[in-house]
Amino acid sequence: MSYVRLIVVDDHLAFAEALAERLRMEPDFVVPAVVTSGDAARREVATRELDVALVDLGLPDVDGVTLVRELRVMRPGLRVVMVSAGGQAEQVAEAIRSGATAWVPKDSSIDYLIEAVRGVLRDETRFPGRLLTEALTVLLRTEHERGAAKETLARLTARELEVLTCMADGLGRAEIAERLFLSPNTVRTHMQSILGKLGVHSSLAAVALGRRLEIC
């Protein structure tokens, strides 16, 4: 018999241990690790062969969705089931982006959770209908906004992109002028042009947009 190796990550130790004990009652499930923090989860995933991680949304040292992204980078084959008492559409959308393939409310039955675990092992997705619909709406809206933002950034000249990168590095006008061998007045003109083309009113907003799209 092949065994499914699970890790339970939840800041409520009593809940995590009770859940692990119930999962161990399944003949093909083993739960070698129960942890209450993101740091402990990283250590376990780095040192153990695991198939499925059950991850709570609210952890003391890291957001659960962020942890999902990190664990998936460490072990791409790991399946992740979010187990949470709450959850907004934006959080579910981020969880999907991060690689989670199921979202199970904590008030669900244990049978529902076990079926979700078995489902993700079959490469199925399991999300509550309403939350999934709302999350997909968020994902579509975000992709539309990213596309619009990329079109906006495409208006910048090569020199303006260089100036924006310097702004992202935290350089002031004089420092940018020195790095790019420009006059401070020319840098000011470029900065004003950047703000105008991006439709923002501050250097910080311009940098935030550039970073969000990994331009700078």
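Within any chain, residue numbers begin from 1 and follow the written order of that chain's sequence. Confidence filtering applies because this is a predicted model: local features only for residues at pLDDT of at least 70, side-chain atom pairs given and counted only at 80 or more, and all residues used for totals across whole chains, interfaces and linings. No hydrogens and no water enter the side-chain calculation; it runs on all heavy atoms of the structure.

**Some details on the pattern of salt bridges**
This is how the line gets drawn: In what follows, salt bridge is the name for a side-chain nitrogen of Lys or Arg lying within 4 Å of a carboxyl oxygen of Asp or Glu. Starting at the N terminus, helices and strands are each numbered in turn, a helix being any DSSP run of H or I of at least four residues and a strand any DSSP run of E of at least two. Partly exposed describes any residue whose relative accessible area lies between the buried limit of under 20% and the exposed limit of over 50%, with all areas from a 1.4 Å probe on protein chains only and scaled to the type maximum.
With the rule as written, the count across this model stands at 23 salt bridges. For Arg5, the salt bridge identified is with Asp51, shortest N-O distance 3.0 Å. Note that Arg5 is positioned in strand 1 (residues 4-9) and Asp51 in the loop between helix 2 (38-47) and strand 3 (52-55), a separation of 46 residues in sequence. Classification of Asp51 by relative accessible area gives buried; the value is 18%.

**Remarks on the pairing of strand 3**
What counts is decided by this rule: What makes two strands pair is DSSP finding at least two bridges between them.
Side chains of strand 3 alternate between two faces, with Val52 and Leu54 and Ala53 and Val55 buried alike. Direction of pairing for strand 1 relative to strand 3: parallel, over a ladder of 4 bridges. What sits directly across from Leu6, in strand 3, is Val52.

**Overview of a nonpolar patch on the surface**
This is how the line gets drawn: Exposure above 30% relative accessible area and the absence of a salt bridge qualify a residue for a patch, where like charges join within 9 Å and nonpolar side chains (Val, Leu, Ile, Met, Phe, Trp, Tyr) within 5 Å. To measure how exposed things are, a 1.4 Å probe is used in the Shrake-Rupley method; for residues, cover is taken only from the protein chains shown.
A cluster of nonpolar side chains, Met1, Tyr3 and Val30, forms an exposed patch at the surface whose accessible area comes to about 330 Å². Note on Val30: relative accessible area 30%, which makes it partly exposed.

**Examining unusual backbone geometry**
A positive phi angle, close to 65°, is found at Asp123, a residue other than glycine. Position of Asp123 relative to the elements: it lies in the loop between helix 5 (110-121) and helix 6 (129-153). Phi angles above zero are rare outside glycine, and Phe181 is one such case at about 55°. Relative to the helices and strands, Phe181 resides in the loop between helix 8 (173-180) and helix 9 (184-198).

**Let's talk about the sheet that holds strand 3**
Convention followed: Axis definition: a line fit to C-alpha positions, over the contact stretch in the case of helices; interaxial angles, taken between N-to-C directions, run 0 to 180 degrees. Contacts are assigned to residue pairs that have any heavy atoms within 4.5 Å of one another.
Across the sheet, 5 strands lie side by side as 2-1-3-4-5; this open sheet has parallel pairing. Two strands lie at the open edges of the sheet, namely strand 2 (29-35) and strand 5 (102-105), each paired on one side alone. Taken pair by pair, the neighbouring strands of this sheet meet at an average axis angle of 20°, ignoring direction. In this sheet, strand 5 lies alongside strand 4 (residues 79-84) in parallel orientation, the contact comprising 4 bridges. Paired with Val81 across the bridge in strand 5 is Ala102. Contacts from helix 1 (residues 13-23) reach strand 1, strand 2, strand 3 and strand 4, with the element oriented near 170° to strand 2.

**Looking at the confidence of the model for the chain**
To keep things clear, this is the line we draw: Every residue gets a pLDDT, meaning the predictor's confidence in that residue, from 0 to 100.
When pLDDT is averaged along the chain, the result is 86, and 87% of the positions lie at 70 or above. When pLDDT is averaged over each element of the chain, strand 1 comes out on top at 98 and helix 6 at the bottom at 66.

**Focus on the packing of helix 8 against helix 9**
Rules: For this classification, under 35 degrees means roughly parallel, over 145 means roughly antiparallel, 65 to 115 means roughly perpendicular, and everything else is oblique. Residues are grouped as follows: Ala, Val, Leu, Ile, Met, Phe, Trp, Tyr, Cys and Pro are nonpolar; Asp, Glu, Lys and Arg are charged; all remaining types, including Gly, are polar.
Between helix 8 and helix 9, whose axes approach to 8 Å, the crossing angle comes to 105°. The orientation of helix 8 relative to helix 9 falls into the category roughly perpendicular. Facing helix 8, whose interface residues are Arg173, Ile176 and Ala177, helix 9 presents Pro184, Val187, Arg188 and Met191. Residue classes in the contact of helix 8 with helix 9 are distributed as 5 nonpolar, no polar and 2 charged.

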